[in-house]
Amino acid sequence: MDLFIAIFTGTIIAATPLIFAALGELVVEKSGVLNLGIEGMMLIGAAFAFWAVIAGLPMPVAILAGALGGAAASLLFGVLALTFLTNQYAAGLALAIFGSGVSAFLGRNFGSAPIDALDRISIPFLSDIPVIGPMFFRFDPMVYFAIVMFAVISWFLYRTKGGLILRTIGESPETAHAIGYPVIRIRYLAVLFGGLMAGLAGAYLSVAYTPLWVENMTAGKGWISLALVVFATWRPLRVLLGAWLFGGMTILQLQGQALGIAVPSELLSALPYLATIVVLVIISQNRQMLALHFPASLAKPFRPAT
Amino acid sequence: MPPRLELRNITKSYPGIVANDDISMSIMPGEIHAVLGENGAGKSTLMKIIYGAAQADSGEIFCDGKPIAAHTPATSRALGIEMVYQHFALFESVTVVENIALAVSNTFDLDALARQITELSNRYGMPIDPHRRVHDLSVGERQRVEIVRCLLQAPKLLILDEPTSVLTPQAVVKLFDTLRQLASEGCSIVYISHKLDEVQELCDTATVLRNGKVTGTARPKESTSAQLARLMVGAELPEMHVSPSVPSEKPVLEVRGLTAPARDRYGVELKNVSFEVRGGEIVGLAGVSGNGQAELISLLSGERTHPNALTIHIDGKAAAHLNASERRKLGMAFVPEERLGRGAVPPHALWQNAVLTAHRTGLVRNGLVDRKGANSFAAKIIERFKVKANGPQASAQSLSGGNLQKFIVGREIALQPKLFLVAQPTWGVDVGAAAFIRQTLVDLSRSGAAVLVISEELDELFEICDRLLVICQGQVSPPLIRTKTNREEIGLLMTRVDRGNGTNGRGEVAVQD
């Protein structure tokens, strides 16, 4: 039972950074912009948050610093892709590389000592329930915040006028412009939001998940988040499930390595990435659903006609 | 009373072209005012300026006597100016009511808005279901959505850009009724068109544009078509010469029991299509777009093959399993609907585009392109078909729609086809070039070729075809002799099938009334 609880909670925790990053990217892509630079924004967010902690700032401020770091990085992408209409693929890739460089640079002086991780909170009474308590009510606040963000984003996208505007801009910015919406401004907001969320994801990695500075600590999670969004056919619930699947596979392979299963550990390490992609490819086979949720103008530069 | 809208000396230029040159006009409340002109005359630019989607370089616009400052679509709509675009400004992935909610700027109460839509659309005799996804609507229904969206704003001025190009004759009658009702309630209407008969039927006054300039104003109901056409084109239109056809004994194209599934969810399934085209005749295929034309064209041209070779015979040979190149070897030539991208490679020079289909005529030797030969081949087409182009070196995309179409048609005709397939031959082509292309098709058929024309322009089909077929929901009607049928009969066939049983959602596709 304890093992099961450990795997379950481990899954939820491992999925949390992916939930932040992928939901942020989902919002960006729904507006018709493709930001490939999640990995870079996450790394910058991780470095900013870690730096804030060793500078002695309180934890909430550190996490906020991470989020703002991600947002600042996304602004750079926004200027390139939305104002100067550069190729979004190239700008996103540049951001990914730039972010990993910046974080490595900032991290030179971080040392190798661990920091005090973000505290877990035990919710009064609920956390004392046997089995259920340790499974659901003893996480750090960011885990709950990720779920809240999922609910908020789903509600925003499908229940509010703002969400409708965002989705329709992703389908046809020309039409949205024609009926009078400020396409570029809304896309900037979406990109910034994606940056904030990627920054949060990075901050979570460096101050909660592995409270220890390691260069390139994202280890491809930004790229997996990108894949999650695509294979989840741009739907928030599927992003959430995909993130949990990835988290679960991550924990299972760690357990497998610990148990000494006779498979090379490199292969086991690759398993979460492989399994997530295979499952998502299978569920994204339905072309109709794909056509319905795909932001038709994704990655196409748009400039309002004069 | 000041005019509802007054334009004074509007000028707008784009690099290399003056789209609007010193245009003035005025429209009174409740007036239906036509803006007539050929493609490229500057109509659409002018409408964008009126709506605020583009800004004039100079000139002034007054609404109810007051000048409009800082003009954007938002200011227009605040003033009660609404526009129905030629290419609809609708989002396909969301529902009708969501689309309309995006344009009307009050609270986000979809249920109340849906009730309003139903009420208003019924009052003006064009019912729409507010909860359907735009993607699943026919073009005619989409247009209704656009109009209802405008009407919800209680507009003072409604602009319609070529609204009838996608409608059946019956739907046009309905639309005109709605517009007259609106005008009688005091709404001014600007009606952009190049169709003279419609303007004569509907409009009180007309401003005619040519090359960005006003060439005249007229009262269409009191003018003859010839007078209006002269203002539009600047010259008399050439008269068509259609001599009687002498059909060959055996069909050149024979389609027998052709059934094919839809290409995707939004396509149309072809059901047991049978018809034939003989040498020496032109057969027209009429129908509202989205009724299986795209599927039929791709199966006939060979873009898509069919496992049963016997369903299509070209010149007596089973051909349904052959690809496009093999069918061309049997003497078929094809002019697709999309000129740029399918009919020609946009950035390539005309001589290169000529080689694309004419490579069989000796322009390619031992795998190498004969540049000189291709150049003179292209030059001959340019000369024979009076293509206005900067020589064979001009890129395809530098030509106007009409000239590129003349070039593509010319290129295919130069292959001396036995069977000529052409889709929407005069779409977006100006009146003069369209007349030329139609005459070319007639001449080709009279020289013995079998010609199949797929078009949504009934006037065009009636002008040149010997026999007419109608496609509706993937079924093709028996042939009708042109001289023994009329627009009403064809129009009914265009909306005919399955109206009673309502077995499938796609049944709505062609129902326009």
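What counts as what
- Residues numbered from 1 in each chain as written.
- Chains lettered and ligands numbered in written order.
- Predicted model: local features only at pLDDT ≥ 70, side-chain atom pairs only at ≥ 80, totals over all residues.
- Heavy atoms only, no water.
- Core = buried A, V, L, I, M, F, W, Y, C linked by side-chain atoms within 4.5 Å.
- Buried < 20%, exposed > 50% of the residue type's maximum accessible area, 1.4 Å probe, protein only.
- Helix = DSSP H or I, 4+ residues; strand = E, 2+ residues; numbered from the N terminus.
- Contact = heavy atoms within 4.5 Å.
- Pairing = 2+ DSSP bridges.
- Axes fitted to C-alpha atoms, helices over the stretch in contact; angles between N-to-C directions.
- Buried area = accessible area lost by both parts, 1.4 Å probe.
- Salt bridge = Lys/Arg side-chain N within 4 Å of Asp/Glu carboxyl O.
- Domains from an automatic or database assignment.
- pLDDT = per-residue confidence, 0-100.
- UniProt positions renumbered as here; feature names shortened; annotations may be inferred.
- Patch = residues over 30% accessible without salt bridge, like charges linked within 9 Å, V, L, I, M, F, W, Y side chains within 5 Å.
- Areas by Shrake-Rupley, 256 points an atom, 1.4 Å probe, with all protein chains shown as cover.

Participant: Could you give an account of the nonpolar core, with specific residues and numbers?
Facilitator: Counting residues in hydrophobic clusters, the biggest one holds 88 residues, and the most contacted among them are Phe20(A) and Leu23(A). The element best represented in this core is helix H9 (residues 183–209) of chain A, accounting for 14 residues. Setting aside anything within four residues of it in sequence, one finds Leu23(A) in contact with Leu18(A), Met149(A), Phe150(A), Ile153(A), Met197(A), Pro236(A) and Val239(A). One finds Ile382(B), Leu399(B), Phe420(B) and Leu468(B) within the second-largest nonpolar core, a separate group that totals 52 residues.

Participant: Talk me through the sheet that holds strand E11 (residues 251–260) of chain B; I want residue IDs and the actual numbers.
Facilitator: Residue and element names in this part refer to chain B. If you trace the 4 strands from one edge of the open sheet to the other, you get E12-E11-E14-E15, paired in antiparallel fashion. The sheet is open, and its two edges are formed by strand E12 (270–278) and strand E15 (317–318), each paired on a single side. Inspection of the sheet shows strand E14 (residues 312–314) paired to E15 by 2 bridges, in the antiparallel sense. Looking at E15, one finds that Ile 314 is bridged to Lys 317. Of the strands in this sheet, E11, E12 and E14 touch helix H9 (residues 293–301), which is tilted by about 55 degrees from E12.

Participant: Just give me the short version of the pairing of E11(B), but keep the residues and values in it.
Facilitator: All names here are of chain B. For E11, the tally of buried residues reaches 7 of 10 residues, placing the bulk of the element in the interior. Two elements, E11 and E12, share 6 bridges in a ladder whose sense is antiparallel. Its bridge partner lying in E12, Leu 253 is registered against Val 277. Direction of pairing for E11 relative to E14: antiparallel, over a ladder of 3 bridges. What sits directly across from Leu 253, in E14, is Ile 314.

Participant: Could you give an account of the environment of Val239(A), naming the residues involved and the relevant values?
Facilitator: Residue and element names in this part refer to chain A. Here Val 239 is to be found in helix H11 (residues 236–259). Along the chain, Val 239 and Leu 189 lie 50 residues apart, while their C-alpha atoms are 21 Å from each other. In this view, Val 239 contacts Ala 22, Leu 23, Leu 26, Leu 228, Val 229 and Ala 232; residues no more than four positions away in its chain are not counted.

Participant: Explain unusual backbone geometry to me, and be specific about the residues and the numbers.
Facilitator: Even without being a glycine, Trp234(A) presents a positive backbone phi close to 60 degrees. Tracing the chain through its elements places Trp234(A) in the loop between helix H10 (221–231) and H11. Unusually for a residue other than glycine, Asp315(B) sits at a positive phi of about 55 degrees. Structurally, Asp315(B) is set in the loop between E14 and E15. In this structure Asp315(B) comes out as partly exposed when scored by relative accessible area, which is 28%.

Participant: Pulling in residues and values, what's your account of the interface of chain A and chain B?
Facilitator: Between chain A and chain B, the residue contacts involve 19 residues of the former and 26 residues of the latter. For the pair chain A and chain B, the summed buried area comes to about 1,800 Å², and 62% of that belongs to carbon and sulfur atoms. The largest per-residue losses of area from chain A upon contact with chain B belong to Lys161(A), Ile179(A) and Leu292(A), which jointly make up 32% of the total buried on that side. Run the count over chain A and chain B and you get 1 salt bridge.

Participant: Run through the domain arrangement of chain B, naming residues and quoting values.
Facilitator: Assigned domains within chain B: domain 1 (5–233), domain 2 (238–331 + 417–513) and domain 3 (344–416). Each of domain 1 of chain B and domain 2 of chain B has a C-alpha centre, and the two are 32 Å apart.

Participant: Mind laying out the confidence of the model for chain A, listing which residues take part and the relevant values?
Facilitator: When the pLDDT values of chain A are averaged, the result is 91; 99% of them are 70 or greater. Summarising per-element confidence for chain A, the mean pLDDT is lowest in helix H13 (residues 287–293) of chain A (74) and highest in H9(A) (97).

Participant: Explain the pattern of salt bridges to me, using residue names and the numbers behind them.
Facilitator: Residue and element names in this part refer to chain B. Under the definition given, this model contains 27 salt bridges over all chains. In this structure, Asp 64 engages Arg 4 in a salt bridge whose closest nitrogen and oxygen atoms are separated by 3.1 Å. Residue Asp 64 is located in the loop between strand E4 (58–63) and strand E5 (66–67), and its partner Arg 4 is located in the segment before strand E1 (5–14); the two are separated by 60 residues in the primary sequence. The exposure class of Asp 64 is partly exposed, given its relative accessible area of 23%. Arg 342 is the salt-bridge partner of Glu 303, the closest N and O atoms lying 2.8 Å from each other. Here Arg 342 lies in the loop between strand E16 (332–335) and helix H11 (350–358) and Glu 303 lies in the loop between H9 and E14, a separation of 39 residues in the sequence. Judged by its relative accessible area of 45%, Glu 303 falls in the partly exposed class. Connected through salt bridges with shared partners, the residues Arg 4, Asp 64 and Lys 156 form a single ionic network.

Participant: Explain the environment of Arg230(B) to me, and be specific about the residues and the numbers.
Facilitator: Residue and element names in this part refer to chain B. Along the chain, Arg 230 falls in helix H8 (residues 225–233). The exposure class assigned to Arg 230 is partly exposed, which follows from its relative accessible area of 40%. If we ignore the near neighbours within four places in the chain, the residues touching Arg 230 are Arg 210, Ala 235 and Glu 236.

Participant: Any chance you could break down the sheet that holds E5(B) for me, citing the residues and the numbers?
Facilitator: Residues and elements named next belong to chain B. Taken together, 4 strands build an open sheet; the order of strands is E2-E1-E4-E5 and the sheet is antiparallel. This sheet does not close on itself; its edge strands, each paired only once, are strand E2 (17–27) and E5. Examined bridge by bridge, E4 and E5 share 2 bridges and lie antiparallel to one another. Bridge assignment links Phe 62 to a residue of E5, and that residue is Pro 67. With respect to the sheet, helix H1 (residues 43–51) is in contact with E1, E2 and E4, its orientation differing from that of E1 by roughly 120 degrees.

Participant: How would you sum up the UniProt feature "transmembrane region" (unreviewed entry) in chain A? Please name residues and give values.
Facilitator: Residue and element names in this part refer to chain A. According to UniProt, the positions carrying the feature "transmembrane region" (unreviewed entry) are residues 31–54, 61–82, 88–106, 142–158, 188–210, 222–246 and 258–283. Helix makes up 71% of residues 31–54 and strand makes up 0%, while its end C-alpha atoms are separated by 37 Å. Within residues 222–246, the helical portion is 84% and the strand portion 0%, while the C-alpha atoms at the span's ends are 13 Å from each other.

Participant: Please provide a residue-by-residue account of a nonpolar patch on the surface, values included.
Facilitator: The grouping of Met1(A), Phe4(A), Leu126(A), Ile129(A), Val131(A), Ile132(A) and Phe136(A) at the surface amounts to a nonpolar patch, some 600 Å² of accessible area in total. Following the sequence through the fold, Met1(A) ends up in the segment before helix H1 (2–30).

Participant: Before we move on, could you go through the pairing of strand E3 (residues 32–36) of chain B and cite the residues and values that matter?
Facilitator: Within E3(B), 5 of the 5 residues are buried, which leaves the element mostly enclosed by the surrounding structure. Because side chains alternate across E3(B), one face comprises the buried residues Ile32(B), Ala34(B) and Leu36(B), and the other comprises His33(B) and Val35(B), equally buried.

Participant: I'd like a description of the confidence of the model for chain B, backed by residues and values.
Facilitator: Residue and element names in this part refer to chain B. A residue-level look at chain B finds 94% of positions with pLDDT of 70 or above and a mean pLDDT of 87. Taking the mean pLDDT of every element in chain B, the minimum, 82, falls on H8 and the maximum, 96, on strand E20 (residues 450–454). Here residues 497–513 is modelled with pLDDT under 50, and outside its nearest four sequence neighbours on either side it reaches 35 contacts, counting other chains as well. For this predicted complex, the interface score ipTM comes out at 0.79, alongside a pTM of 0.73.

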